[in-house]
Amino acid sequence: LDQLLHPRFSDVESTEYSESVVAKGLPASPGAAVGRLAFTNEKVVENKENGIPSILVRDETSPDDVEGMYAAEGILTARGGMTSHAAVVARGWGRPCICGCQSLSVDEEAGEMTVTLDDGTQKSYKEGDFLSLNGNTGEVLSGKQLVAPPAITGNLKTFMEWVDEIRDMDVL
């Protein structure tokens, strides 16, 4: 149910989507996020003030990172697990988060991250490059993906239609 209340990617079944996946980590907090890479809290906050969505990328987060985490569209860490600082804070604030992405090497000082792909080759990203995070699956995608707003679909939609037919009071 929690995943239904967060934005998601429009077409996860498409070839374009699957070819954009460059890494996978732990799906620590649900939702979809698209933004420019930022490696410091200051850059995330600066981007937010200028209307630029950001993905905060860290080796791991600490309490010193909360300002950047709050301003970020999503959070990506190379280390950590489902109960790490990044995961717990992101879930509490409703931010998509992927933790423990072991194929990721983060150089925060240089403003660069390197992903080791499945075939052993490496792909580098610099601050300002676009990245997309699927917090539902833990997939990290290169570039921008289309984000859809939360929606009730499928079996839950059918169930809710049945409930609407027999309920006695309105719930706002």
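Owing to the predicted nature of the structure, the values given are computational and were not obtained by experimental measurement.

1. Some words on a nonpolar patch on the surface
Moving on, step 1. Taken together, the side chains of Ile152, Phe159, Met160 and Trp162 present a nonpolar region at the surface, about 420 Å² in accessible area.
Moving on, step 2. In this structure phenylalanine 159 comes out as partly exposed when scored by relative accessible area, which is 44%.

2. Notes on the packing of aromatic side chains
Moving on, step 1. A full pass over the atoms with the stated rule returns 2 aromatic pairs.
Moving on, step 2. With a centroid separation of 6.0 Å and an interplanar angle of 55°, the aromatic rings of phenylalanine 9 and tyrosine 17 are classed as tilted. For the pair phenylalanine 9 and tyrosine 17, a shared accessibility class is recorded, and that class is buried.
Moving on, step 3. Their ring planes at 80° and their centres at 5.1 Å tell us that tyrosine 70 and tryptophan 93 sit as a pair that is edge-to-face.

3. Regarding the nonpolar core
Moving on, step 1. If you look at the biggest cluster of nonpolar residues, it comprises 19 residues, and the most contacted ones within it are Leu76, Met113 and Val140.
Moving on, step 2. Filtering out sequence-adjacent residues up to four positions away, leucine 76 remains in contact with Ile55, Leu56, Val57, Arg58, Ile98, Cys101, Leu104, Met113, Leu131, Leu133 and Val140.
Moving on, step 3. Formed by 15 residues, the second largest nonpolar core is a distinct cluster that contains Val45, Leu56, Ala71 and Ala72.

4. So, helix H2 (residues 41-49)
Residues spaced three or four apart along an α-helix face the same direction, because each turn holds 3.6 residues.
Moving on, step 1. What H2 keeps buried is the set Asn41, Val44, Val45 and Asn47. Buried residues in H2, looked at end-on, bunch into an arc of 160°, giving them a common side. What points out from H2, more than 90 degrees from its buried face, is the exposed set Glu42 and Glu49.
Moving on, step 2. Check the buried side of H2 and you find it contacts strand E4 (32-38), strand E5 (54-58) and helix H3 (66-71).
Moving on, step 3. Following H2 by one or two positions, glycine 51 adopts a phi angle in the positive range, close to 75°.

5. Quick notes on the side chain of asparagine 47
Moving on, step 1. Relative to the helices and strands, asparagine 47 is located in helix H2.
Moving on, step 2. Leave out the neighbours within four places in its chain, and asparagine 47 touches Ala38, Ile52 and Ser54.

6. Details of the sheet that holds strand E10 (residues 122-126)
Moving on, step 1. One open sheet holds the 3 strands; their spatial order is E8-E9-E10, and the pairing between them is antiparallel. Of all strands in the sheet, those with a lone pairing partner are strand E8 (104-107) and E10, marking the two edges. Each neighbouring strand pair of the sheet contributes to a mean axis angle of 20°, computed without reference to strand direction.
Moving on, step 2. Of the strand pairs in this sheet, strand E9 (residues 112-116) and E10 are connected by 5 bridges, and their pairing is antiparallel. Residue pairing for E10: threonine 114 is matched across the bridge by serine 124.

7. Considerations on the environment of isoleucine 152
Moving on, step 1. Inspection of the secondary structure puts isoleucine 152 in the loop between strand E13 (147-148) and helix H5 (154-166).
Moving on, step 2. Separated by 140 residues in the primary sequence, isoleucine 152 and valine 12 place their C-alpha atoms 17 Å from one another.

8. Quick look at the pattern of salt bridges
Moving on, step 1. Tallied over the entire structure, the rule returns 7 salt bridges.
Moving on, step 2. Between glutamate 46 and lysine 43 there is a salt bridge whose closest N-O contact spans 3.5 Å. Of this pair, glutamate 46 and lysine 43 both sit in helix H2, separated by 3 residues, roughly a single helical turn.
Moving on, step 3. One salt bridge connects lysine 126 with glutamate 112, and the closest N-O pair in it is separated by 2.5 Å. Within this pair, whereas lysine 126 is found in strand E10, its partner glutamate 112 is found in strand E9, the two being separated by 14 residues in sequence.
Moving on, step 4. Via salt bridges that share partners, Arg58, Asp65 and Glu108 belong to a single interconnected network.

Basis of the calculations
- Residues numbered from 1 in each chain as written.
- Predicted model: local features only at pLDDT ≥ 70, side-chain atom pairs only at ≥ 80, totals over all residues.
- Heavy atoms only, no water.
- Patch = residues over 30% accessible without salt bridge, like charges linked within 9 Å, V, L, I, M, F, W, Y side chains within 5 Å.
- Areas by Shrake-Rupley, 256 points an atom, 1.4 Å probe, with all protein chains shown as cover.
- Salt bridge = Lys/Arg side-chain N within 4 Å of Asp/Glu carboxyl O.
- Buried < 20%, exposed > 50% of the residue type's maximum accessible area, 1.4 Å probe, protein only.
- Phe/Tyr/Trp six-rings, centres within 6.5 Å; stacked < 30°, edge-to-face > 60°.
- Core = buried A, V, L, I, M, F, W, Y, C linked by side-chain atoms within 4.5 Å.
- Contact = heavy atoms within 4.5 Å.
- Helix = DSSP H or I, 4+ residues; strand = E, 2+ residues; numbered from the N terminus.
- Arc of directions from axis to C-beta.
- Pairing = 2+ DSSP bridges.
- Axes fitted to C-alpha atoms, helices over the stretch in contact; angles between N-to-C directions.

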